Amino acid sequence: MPYKTLEIGNAELIYEQAPKTDHFYKGYSTSNERESNVELFDLELIKQDIINHFNTKKGSRVMNPAFGSIIWDLLMEPLTDSTRESLKEDISTICTSDPRVTPIQMDLTEYPDGYLLEITLLLNGTDQSSQLKLRFDQKVGLQVQ
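Along each chain, the written sequence defines residue order, and numbers are assigned to residues from 1. Given that this is a predicted model, residues contribute local features only at a pLDDT of at least 70 and side-chain atom pairs are listed and counted only at 80 or more, while totals for whole chains, interfaces and linings are drawn from all residues. Here the side-chain values reflect all heavy atoms present in the structure, with hydrogen atoms and water set aside.

## Description of the nonpolar core
- To qualify as a nonpolar core, a set must consist of buried Ala, Val, Leu, Ile, Met, Phe, Trp, Tyr and Cys residues joined through side-chain atoms within 4.5 Å. Think of it in three bands: residues with accessible area under 20% of the maximum for their type are buried, residues over 50% are exposed, and the middle band is partly exposed, with areas taken using a 1.4 Å probe on protein chains only. Ranked by internal contacts, the top residues of the largest apolar core, which has 23 residues, are Ile50, Phe54 and Leu117.
- Elements supplying a minimum of two residues to this core: helix H2 (42-55), helix H3 (71-74), helix H4 (81-96), strand S3 (101-111), strand S4 (114-123) and strand S5 (129-137).
- Residue contacts are counted whenever heavy atoms from the two residues lie within 4.5 Å of one another. Discounting residues that sit within four places of it in the chain, Phe54 has contacts with Ser69, Trp72, Ile91, Ile94, Cys95, Leu117, Ile119, Leu134 and Phe136. Secondary structure elements follow DSSP: runs of H or I of four or more residues count as helices, runs of E of two or more count as strands, with numbering from the N terminus.

## Some words on the pattern of salt bridges
- By definition, a salt bridge exists where a carboxyl oxygen of Asp or Glu is found within 4 Å of a side-chain nitrogen of Lys or Arg. Across all of its chains, the model carries eight salt bridges by this definition.
- Ionic pairing is found between Asp98 and Arg100, a salt bridge with its closest N-O pair at 2.7 Å. Both residues of the pair, Asp98 and Arg100, belong to the buried class.
- Through salt bridges with shared partners, one network takes in Asp49, Asp98 and Arg100.

## Thoughts on the environment of Ser29
- Tracing the backbone through its elements, the reader meets Ser29 in the loop between strand S1 (26-28) and strand S2 (39-41).
- Separated by 19 residues in the primary sequence, Ser29 and Gln48 place their C-alpha atoms 7.9 Å from one another.
- Setting aside residues no more than four positions away along its own chain, Ser29 makes contact with Val38, Leu40 and Gln48.

## Here we look at the confidence of the model for the protein
- Looking at the protein as a whole, its pLDDT mean stands at 81, while 79% of the residues score no less than 70.
- Confidence, expressed as mean pLDDT per element, reaches its minimum in the protein at helix H1 (residues 11-17) with 47 and its maximum at S5 with 94. Confidence scores labelled pLDDT are given residue by residue by the predictor and lie between 0 and 100.

And the structure:
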């Protein structure tokens, strides 16, 4: 018994109707009160999420004590080999925990009042990359440069 061929629809028409978007990710941030537009897209959104992760002291988040960074506990410690390894592991864990990006390069520099962290992030599935510079200061706190 032969099978019948059924035409379901024009495949080209289906692809043409698929919505095209300029952005992969969309989110909102209220961290900058002076900014009127609170929408963030793609790398800017991801960078804000990473900043929020670093700005949270590990153990201070309710119901998720593993979230956050130990950098605030080690900020006044001298940068010994042990401290450097702990920071390197913490920074690597935070930067690789976001599945939307891949950290290409991470550099940590010590200065008299804290650390300067420079991260280059690659948006997965694209050729878009961006650099994030975070300055952890004992007196001022976290500054994005």
